[in-house]
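# Fold and geometry: a report
Read off the chains here:
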Amino acid sequence: VETILAVAVSVIVVTSLVSLAVFALRNSRQASYATSATQIAQTQIELIKAYRDSPNVTWADFTTIISSCLNPNGKCYFTQGAASTDFPINHSGEDASKSPFTYYYNLSCVSGTCNAVGGTVRAYVFVTWNVGGKSQSIYNVTDFTNWRLK
């Protein structure tokens, strides 16, 4: 009887420890993915900004080249390792690499009109991934203006 009780207690303890380890690993992976997703979103924002601020790019050039991403359904992204001069126009909505992340941005004109002279372009970057069959996502938003007046 004592042996059976000892084995039962041991099984409960081991099961609890394994469950705790699995829970900790899942939370660690989720935190790691959330950090990576935030970095991806910020990188996309920075590449848009770098393109807008390129020495040879005027506001008119910027608003013209981004026009296909200037709608709520536009899905554009920079591929990993892209330079700011490689302004995307990759519309598939996800990187072709074996990344667990799907990411894209779309742009909208929040000032009513974005033209050669001015306006405010709002960039929404969305990053999604799956952990344990559960979809997770983050997004980052920023506004771009013709701050250089060129």
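See the structure above.
Reference entry: report on the structure contained in this document. All of these numbers come straight from a predicted model, not from anything done at the bench.

Quick notes on the rules
Residues numbered from 1 in each chain as written. Predicted model: local features only at pLDDT ≥ 70, side-chain atom pairs only at ≥ 80, totals over all residues. Heavy atoms only, no water. Patch = residues over 30% accessible without salt bridge, like charges linked within 9 Å, V, L, I, M, F, W, Y side chains within 5 Å. Areas by Shrake-Rupley, 256 points an atom, 1.4 Å probe, with all protein chains shown as cover. Salt bridge = Lys/Arg side-chain N within 4 Å of Asp/Glu carboxyl O. Helix = DSSP H or I, 4+ residues; strand = E, 2+ residues; numbered from the N terminus. Buried < 20%, exposed > 50% of the residue type's maximum accessible area, 1.4 Å probe, protein only. 1 Å grid on protein atoms, 1.4 Å probe; cavity = no way out; pocket = protein on both sides within 12 Å on 5 of 7 lines; lining within 4 Å. Points joined across faces, edges and corners; volume = space filled by probe spheres on them. Nonpolar A, V, L, I, M, F, W, Y, C, P; charged D, E, K, R; others polar. Pairing = 2+ DSSP bridges. Axes fitted to C-alpha atoms, helices over the stretch in contact; angles between N-to-C directions. Contact = heavy atoms within 4.5 Å.

The next thing to look at is a nonpolar patch on the surface. A cluster of nonpolar side chains, namely Leu-5, Val-9, Val-13, Leu-17, Leu-20 and Phe-23, defines an oily patch on the protein surface of about 600 Å² accessible area. For Leu-20, the location among the structural elements is in helix α1 (residues 2-52). According to the relative accessible area criterion, Leu-20 is exposed, its value standing at 54%.

Okay, empty space enclosed by the protein next. For the coordinates displayed, the defined rule picks out one cavity of 30 Å³ or more. Of the pockets and cavities examined, the largest cavity occupies roughly 40 Å³. Looking at the lining of the largest cavity residue by residue, the classes come out as two nonpolar, three polar and three charged.

Reading across from one edge, β1-β2-β3 is the order of the three strands in this open sheet, with antiparallel pairing throughout. Edge strands, defined here as strands with exactly one partner in the open sheet, are β1 (102-109) and β3 (134-145). Pairwise comparison of adjacent strand axes, ignoring direction, gives a mean angle of 20° for this sheet. The pairing of β1 with strand β2 (residues 120-131) spans eight bridges and is antiparallel. Along β2, the bridge assignment pairs Tyr-103 with Val-127.

Right, let's talk about the environment of Gln-30 for a bit. Looking at where Gln-30 falls in the secondary structure, it is placed in helix α1. Given a relative accessible area of 22%, Gln-30 falls into the partly exposed group. For Gln-30 and Gly-132, which are 102 residues apart along the polypeptide, the C-alpha to C-alpha distance reads 9.5 Å. Those residues within four positions of Gln-30 in sequence are excluded, and the remaining contacts are Trp-129, Val-131 and Gln-136.

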